[in-house]
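Single-letter residue listing:
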Amino acid sequence: MTESQLQVLVVDDEPRQRRGVAALIRQLRPDYKVHEASNGQEALEISLAYPIDLALTDIQMPVMNGLDYIRQVRSSRPDLRIVLITVYDEFQYVQQAIRLSVMDYMIKPVTSEQLLPLLESTERDQQQRQIQLEQQQSLSRQLAKLEPVYQEHLLHRWLTGTLNHEEQQECQHYFQQDTQISIWLMRRIDVSQLEESIWKLQLRQHIHAAVAEYVNLYCTGMDDSDDPLIIIVEWPRDWQEHNRQECRNRVMDMLQYLKSVSSMDVHTGESVLFHAADNAAAVHSAYRSAEVVLERHFYDSSGSWLIAASGEQGIHPAQLTSFGYPSTALIESAIHKRDQVIVQQELDNLLDQLSADRPSVPLLKYHLLQIIMPCIQQASAGLEQGIRDLYLQRLETVIREAAWLVDLRIHLLGLLSEWIEQLDTCRMSKSDQAMLECRDYLEQHYHEDLSLDEVAGRFYYNPSYFSLLFKSHFGTSFTDYIQRLRMQRARALLLETNERIAEIGQRAGYRDIKYFAKVFKKTFLYTPEEYRRQFRRSVTTVESVAGGGVSRSGVD
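Residues numbered from 1 in each chain as written. Predicted model: local features only at pLDDT ≥ 70, side-chain atom pairs only at ≥ 80, totals over all residues. Heavy atoms only, no water.

Engineer: Let's hear about the sheet that holds strand β1 (residues 7-11): which residues, and what values?
Structural biologist: Note: strands within a sheet are paired through backbone hydrogen bonds, in either parallel or antiparallel orientation. Spatially, the five strands line up as an open sheet ordered β2-β1-β3-β4-β5, and their pairing is parallel. Because the sheet does not close on itself, it has two edges, and the strands there are β2 (33-37) and β5 (104-107). Averaged over all pairs of adjacent strands, the angle between their axes in this sheet comes to 20°, without regard to strand direction. Of the strand pairs in this sheet, strand β3 (residues 54-57) and strand β4 (residues 81-86) are connected by four bridges, and their pairing is parallel. Paired with L56 across the two strands is V83, which belongs to β4. (Pairing = 2+ DSSP bridges. Helix = DSSP H or I, 4+ residues; strand = E, 2+ residues; numbered from the N terminus. Axes fitted to C-alpha atoms, helices over the stretch in contact; angles between N-to-C directions.)

Engineer: I'd like to hear about the pattern of salt bridges, residue by residue, with values.
Structural biologist: Enumeration according to the criterion identifies 25 salt bridges in this entry. In this structure, the salt-bridge partner of D68 is R71, at a minimum N-O distance of 2.8 Å. In this pair, D68 and R71 both sit in helix α3 (residues 66-76), three residues apart, roughly one turn of the helix. Judged by its relative accessible area of 30%, D68 falls in the partly exposed class. Given a relative accessible area of 41%, R71 falls into the partly exposed group. The partner of R129 in a salt bridge is D79, with the nearest N and O atoms 3.5 Å apart. Placement of R129 in helix α5 (residues 112-159) and of D79 in the loop between α3 and β4 is noted, with a sequence separation of 50 residues between them. Through salt bridges that share partners, R77, D79, R81, D125 and R129 make up one connected network. (Salt bridge = Lys/Arg side-chain N within 4 Å of Asp/Glu carboxyl O. Buried < 20%, exposed > 50% of the residue type's maximum accessible area, 1.4 Å probe, protein only.)

Engineer: With reference to specific residues and values, describe helix α13 (residues 385-401).
Structural biologist: The first and last C-alpha atoms of α13 sit 24 Å apart over 17 residues, in line with the 24 Å expected at 1.5 Å per residue. For α13, the set of buried residues is R388, Y391, L392, L395, V398 and I399. Down the axis, α13 shows its buried residues gathered within 125° of arc, on one side only. Turned more than 90 degrees from where α13 packs its buried face, G386, Q393 and E401 sit exposed. (Expected span 1.5 Å × (residues − 1). Arc of directions from axis to C-beta.)

Engineer: Explain the environment of Y150 to me, and be specific about the residues and the numbers.
Structural biologist: Mapped onto the elements of the fold, Y150 is located in helix α5. Contacts of Y150, omitting those with residues within four sequence positions, involve E170 and Y174. (Contact = heavy atoms within 4.5 Å.)

See the structure below:
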């Protein structure tokens, strides 16, 4: 704060004294605005009308004395700096003034030597207050910018059931307690003309433009571009289902337009209705209902907007969805024999098994990739590494980007058929046949104490030549190949059984449990116990969720 902004009030019923002090202040600080008052009543009116920074007041005055002025002005201006101007025979009043938070007192007549330190002190105090005010304003601006981020984080934890009681109450204050709420989970299918990092931002802006004037919208889940966009919709109190359907239609029209101009296709899963005042379990249950119907898009492909049925308990307690890790020997054998009919049959059987309980889509895709990838690696071990890597990358892309199970079947079969054609350009030599038989043998006996010399002799090869042939064909050493087989078996047992870690290690071919744990962590970056906890998750399934697809005419 600059000096020119300071305002001083001089209060004294003696005109000569008052004008003399005021003139002295103007002389010392020409830029100050100096006010004068002849009694406490005038001083009070001026103090309330102007931003007075410093008041110098006499005590004995008519109408209202100095102490009464101080008492009354303190109720409205507790931070006002006040100094008494007194004479020796009034010194007994100083003690009362101290109780009223008077900062100092001066003995009449006031001199420049008395005033100058007081003015300098006031200036320093005001400058410090200005700094604090600017800091508070800066902090307020920062908090205002962070408020949407904090709100988004709080709402996400509210839906996922991770708030404590105080946070739950704070979150509920965003909504009117007696209104109904829905959750829209929106997952993009294709954004070929949009950057992945901004698709949620653009989608949110379009949705707000379409319906924000009708309903209150709160967005969360903006951080990860691979996760669905979460929109919490607070419906007006008097809205019925036909009103909500009209609102959905507006959004679906917007999504159709967005698809036509940017190639972004969006699937939506809508939750059952709930209220902000519902307990944490009910809110989380509603959120899970939206997750469940969103997953149905992948399995059913029955429309772009699916809605869970209101009032039905379709979500049941979580149960472990266990995946078997079947041998891929038949698929690999069919690939080697160029038998596309068997490949299609085995692929259909595999997908039917993995999707039987309709697990979460990321979980299904993860397991499918873990099963199919070694199949291509081993079936194509005789080809150049660059060609293998190219198809493995395409395999991962096909599985990751599949929007529907039927598309996954078609694209995966197409990739394997193309791979068979690639392999068909190379005839299987005698050594290739031997390596295929060796692979089958190792898959059956990996848990035994196998040595390279023993296996080489079984297939009538010199151990040194067998080692080179094996690495050339499989792209890895004999020891690493055995270890990979054992690790795959151990991983499957961890996910599928409740056996103890030591038992799993022995079944995988390890007698030393500590060594087994060390190798497992090196391979999968988790200890066996951590891996089981991380990936053997409970998956909530829906045995009966009514509702189906949302059409322009309403809920089917």
